[in-house]
Amino acid sequence: MGPHPAVAAIRLAVRRVLHDILNEASRTPAYSPAAGENRTADDSRPAGVVPAPGTPHERPPSPLVLVACSGGADSMALASALAFEAPKLGFRAGGVTVDHGLQPGSDLRAEEVALRLREMGLDPVDSVAVTVGREGGPEAAARDARYAALDAAAARHGATAILLGHTRDDQAETVLLGLARGSGIRSLSGMAAVSGADGRYRRPFLQLDRQTARKACMVQSLPVWDDPHNADPAYTRSRLRHEGLPALEKALGKGVVEALARTAQLSRDDADALDAWARQAAASVRDAAGLLECAKLYALPPAVRRRILRRAAIEAGAPAGSLFARHIEEVDRLITGWRGQGAINLPGKVVAQRQGGRLVIRQG
């Protein structure tokens, strides 16, 4: 008799991601398939992975994949699936839990999570304490501190990837938050299945709902911790989770979460295509001196043109996180609604102005 359907689902999701990592590694110079390779019984390398040229008698260590685990149901289910699947494919599996220091006893809780991960057989396991700032609000500041700690752990251990336990429900919430900000199609695309430097972060559960992860923990008798912040109405995402989404499902019927997650994927595909178009068009709208030509920019579709303008502003020194749609719309009017208006001030002391049919974006 096979595993419970919920356990089977989370394991399959993790197995697919590990296979993706293997396939990507096999296309790099240091990891290439070897025809007729002789493997010993104790060879822990993934199939098709051979030592880099020049070290024929040395086996590289098996690639390490870390799981970011808070102790909640989603990440505990993910940790258990990684512990089960990784050895089968020749991976080492480790874990990281981050203590944000925002609640009494958080340090003890982090150590308890680390102990549970070690009991699953994960190694190495880190418990990392961080200091959460205030920039961007409490949720954004905690997220920034957490990802900085995860990046440091990956560098410290030489990890190939870090798995994150975001589910389809998290994706739906992210889409609605983006919609509320009015930030455009990129915000509506939600979280990417693969993100970070060199595709470091992987999210295997974006097609699974939160209940599946919780059920998998229950049938495996995995203790989970429910973060009280997730039910605190002081946090926007908490209000959306416990009030907003239920209200939408009551008004529109079941299936809202699935529809929002599907919207995220379709939006991401469209945004990726437009980004690629903008990258290709960027060189064609500059003159010999590298300045943007307003007439050529005007001929482009607005979605492509505004992407070029945003990239130009960032390259001039405008912080990406502080550059909003309204800023780009103002710069765009220098092209589409030119009436002799003056320079536009952008974040980071960047100035955009029209001069002789050229758009000049530079530090003020």
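Please read these numbers as outputs of a predicted model, since none were measured by experiment.

Reading the values: rules and limits
Residues numbered from 1 in each chain as written. Predicted model: local features only at pLDDT ≥ 70, side-chain atom pairs only at ≥ 80, totals over all residues. Heavy atoms only, no water. Pairing = 2+ DSSP bridges. Helix = DSSP H or I, 4+ residues; strand = E, 2+ residues; numbered from the N terminus. Contact = heavy atoms within 4.5 Å. Axes fitted to C-alpha atoms, helices over the stretch in contact; angles between N-to-C directions. Buried < 20%, exposed > 50% of the residue type's maximum accessible area, 1.4 Å probe, protein only. Right-handed = clockwise from strand over helix to strand, strands pointing away. Core = buried A, V, L, I, M, F, W, Y, C linked by side-chain atoms within 4.5 Å. Salt bridge = Lys/Arg side-chain N within 4 Å of Asp/Glu carboxyl O. Phe/Tyr/Trp six-rings, centres within 6.5 Å; stacked < 30°, edge-to-face > 60°. Lys NZ or Arg CZ within 6 Å of the ring centre and 35° of its normal.

Engineer: Can you tell me about the sheet that holds strand 8 (residues 344–346), naming the residues and giving the values?
Structural biologist: Spatial strand order, 7-10-9-8: four strands in an open sheet with antiparallel pairing. Each end of this open sheet is capped by a strand with a single partner; those strands are strand 7 (292–293) and strand 8. One ladder, built from three bridges, connects strand 8 with strand 9 (residues 350–355); its direction is antiparallel. Note that in strand 9 the partner of Ile-344 across the bridge is Ala-352. Packing against the sheet, helix 11 (residues 302–315) makes contact with strand 7, strand 8, strand 9 and strand 10 (358–363), and its axis sits at approximately 35 degrees to strand 10.

Engineer: Which residues make up the pairing of strand 1 (residues 64–68), and what values go with them?
Structural biologist: A large share of strand 1 lies buried, amounting to five of its five residues. Alternating residues of strand 1 divide into Leu-64, Leu-66 and Ala-68 and Val-65 and Val-67, and every residue in both groups is buried. The pairing of strand 1 with strand 2 (residues 92–99) spans five bridges and is parallel. Within the sheet, the bridge partner assigned to Leu-64 lies in strand 2 and is Arg-92. Crossover handedness for the path strand 1 to helix 2 (residues 73–85) to strand 2: right-handed. Both strand 1 and strand 4 (residues 161–163) contribute to a ladder of three bridges, which runs parallel. Its bridge partner lying in strand 4, Leu-66 is registered against Ile-162.

Engineer: So what about the nonpolar core? Which residues, and what values?
Structural biologist: Judged by nonpolar contacts, the single largest core of 37 residues is most densely connected at Val-14, Leu-18, Leu-82, Phe-91, Leu-122 and Phe-205. The set of elements that each furnish at least two residues to this core consists of helix 1 (5–26), strand 1, helix 2, helix 3 (106–119), strand 4 and helix 7 (210–219). Per-element accounting of this core gives the leading share, nine residues, to helix 1. The next biggest cluster of nonpolar side chains, apart from the first, holds 26 residues, and it includes Ala-312, Ala-316, Ile-328 and Leu-346.

Engineer: Can you break down the pairing of strand 3 (residues 125–129) residue by residue, with the values?
Structural biologist: Consecutive residues of a regular strand have side chains that alternate between opposite faces of the sheet. Here strand 2 runs beside strand 3; their pairing, made up of five bridges, is parallel. When the bridges of strand 3 are listed, Thr-97 appears paired with Ser-127. With helix 3 bridging strand 2 and its parallel neighbour strand 3, the resulting β-α-β unit is right-handed.

Engineer: Please provide a residue-by-residue account of the sheet that holds strand 4, values included.
Structural biologist: Across the sheet, which stays open at both edges, the six strands sit in the order 3-2-1-4-6-5 with mixed pairing between neighbours. Every interior strand has two partners, whereas the edge strands, strand 3 and strand 5 (194–195), have only one. Against the sheet, helix 2 touches strand 1, strand 2 and strand 4, its axis set at about 160 degrees to strand 1.

Engineer: Got a sec to walk through the pattern of salt bridges? Specific residues and values, please.
Structural biologist: Counting across every chain of the model gives 22 salt bridges. Residue Asp-209 is joined to Arg-168 by a salt bridge in which the shortest nitrogen-to-oxygen separation is 3.6 Å. Of this pair, Asp-209 sits in the loop between strand 6 (201–202) and helix 7 while Arg-168 sits in helix 5 (residues 168–181), and the two are 41 residues apart along the sequence. On the basis of relative accessibility, which here comes to 23%, the residue Asp-209 falls in the partly exposed class. In this structure, Arg-186 and Asp-275 form a salt bridge, with 2.4 Å as the shortest nitrogen-oxygen distance. Of this pair, Arg-186 sits in helix 6 (residues 185–188) while Asp-275 sits in helix 9 (residues 256–282), and the two are 89 residues apart along the sequence. Here the residues in one salt-bridge network are Asp-170, Glu-173, Arg-210, Arg-237 and Arg-241, joined through shared partners.

Engineer: How would you sum up the packing of aromatic side chains? Please name residues and give values.
Structural biologist: A complete count under the given rule lists one aromatic pair for this structure. Consider the rings of Tyr-147 and Tyr-201, whose centres lie 5.1 Å apart with planes at 85 degrees: the pair is edge-to-face. Pair noted here: Tyr-147 is in helix 4 (residues 138–157) and Tyr-201 is in strand 6, with a separation of 54 residues, a long-range link. Accessibility expressed as a relative area gives 19% for Tyr-147, which makes it buried. Geometry around Phe-84 places Arg-11 over its ring, the cationic atom sitting 3.6 Å from the centre.

Scope: geometric values only; no functional claims are made or implied.
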